[in-house]
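Structural overview for review
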Amino acid sequence: MPSQFCNPHLSRPRQMPRASDVSWKMKCIIYPFIPHTMLRFQIQRGTTDPTSYKSLGHCFRTIFQSEGVFGFYKGILPPILAETPKRAVKFFTFEQYKKLLNLTPLSPGVALSAAGLGSGLTEALVINPFEVVKVSLQANRDSFKEQPSSFAQARRIIKSDGFGLRGLNKGLTSTLGRHGVFNMIYFGFYFNVKDAIPTNPDPTLEFLRKFTIGLLSGTISSCVNIPFDVAKSRIQGPQPVPGEIKYRTCFQTMALVYREEGYLALYKGLVPKIMRLGPGGAVMLLVYEYVSEWLQRNW
């Protein structure tokens, strides 16, 4: 299926950094507020949790009052360090899987979704150690000055639990599910719907057409994959009883959260997640497409 997403005449190394650079800048701008509050909602255990937040505004106020403005910047270094390679892997592997799947009897629509799934699984392998460090720092409610640095926290995790599935790669299955499901819908929905709806000769309306499809793509993907996100946060975050592991595996954690807190608990943090990945996902795809088109015309 033809797609403007990646032009075969444009070199891959030149294309890949553009979307990742934009994503990195967006991360620096919106990171301190939205993902942090999303995580705090996901790790709280129902209304009986004494540290439970009542609303998004209450969460903002509580963090600001008890941890200071720098409390929103906890764990900012790991995602910043990982953002460029993460997004480069995301887009590059999507194109490679897409080329491979074009050689199979799969329909173009299914091949796009399968390529997205493959790119998400690959991306998860790269990002998971950074996520473990980030979650452990964000879950800490001490003031920013009292918190260890990202590197000190990583060393502590490695020293106590190693690099394996109990240490720096804890929650890997949940991360694989989160990124795999998200990218499968994100790429599959965007390119299938974009190719199905006729282009508009008016540049402004064409931009709005693509942005709307990208916004829907990021929003729907967020709604579908958030149970994996909640499971990941519970596994990588602090356990309810220190020294006792309650949340062990992805689906065991989902079942436990559902049984103890109800199905809505699997959607904790959905609003801030959509606020970030709805418009953010649309912008990232649009920048990638328009920069690729500009490079093709001018290089």
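For clarity, every value in this text was computed on a predicted model and none was experimentally measured. (Residues numbered from 1 in each chain as written. Predicted model: local features only at pLDDT ≥ 70, side-chain atom pairs only at ≥ 80, totals over all residues. Heavy atoms only, no water.)

Time to look at the packing of aromatic side chains. Under the criterion given, the structure shown has 10 aromatic pairs. Taken together, a centroid distance of 5.0 Å and an interplanar angle of 85° make the contact between Tyr190 and Phe191 edge-to-face. Residues Tyr190 and Phe191 agree in their burial class; the two are buried. One aromatic cluster in this structure is built from Phe91, Phe94, Phe182, Tyr186, Phe187, Tyr190 and Phe191. It is Lys210 that lies over the ring of Tyr290; its NZ or CZ is 4.8 Å from the centre. (Phe/Tyr/Trp six-rings, centres within 6.5 Å; stacked < 30°, edge-to-face > 60°. Buried < 20%, exposed > 50% of the residue type's maximum accessible area, 1.4 Å probe, protein only. Lys NZ or Arg CZ within 6 Å of the ring centre and 35° of its normal.)

The first and last C-alpha atoms of helix α3 (residues 56-67) sit 16 Å apart over 12 residues, in line with the 16 Å expected at 1.5 Å per residue. Listing the buried residues of α3 in full gives His58, Cys59, Ile63 and Glu67. What you see down the axis of α3 is that its buried residues fit within an arc of 130°, all on one side. Opposite the buried face of α3, at more than 90 degrees from it, the exposed residues are Phe64 and Gln65. (Helix = DSSP H or I, 4+ residues; strand = E, 2+ residues; numbered from the N terminus. Expected span 1.5 Å × (residues − 1). Arc of directions from axis to C-beta.)

On the secondary structure map, Ser150 appears in helix α6 (residues 150-161). For Ser150, a relative accessible area of 14% corresponds to the buried category. If we ignore the near neighbours within four places in the chain, the residues touching Ser150 are Leu77, Pro78, Val133 and Leu137. (Contact = heavy atoms within 4.5 Å.)

This part is about the packing of helix α5 (residues 108-138) against helix α8 (residues 203-236). The N-to-C vectors of α5 and α8 enclose an angle of 65°; their axes lie 9 Å apart at closest approach. Along this stretch, α5 crosses α8, giving a crossing that reads as right-handed. For the pair formed by α5 and α8, the contact residues are Asn128, Glu131, Val132 and Val135 on the first element and Lys232, Ser233 and Gln236 on the second. Here the residues of the contact of α5 with α8 sort into two nonpolar, three polar and two charged. (Axes fitted to C-alpha atoms, helices over the stretch in contact; angles between N-to-C directions. Left-handed = near helix turned anticlockwise from the far one by under 90°. Nonpolar A, V, L, I, M, F, W, Y, C, P; charged D, E, K, R; others polar.)

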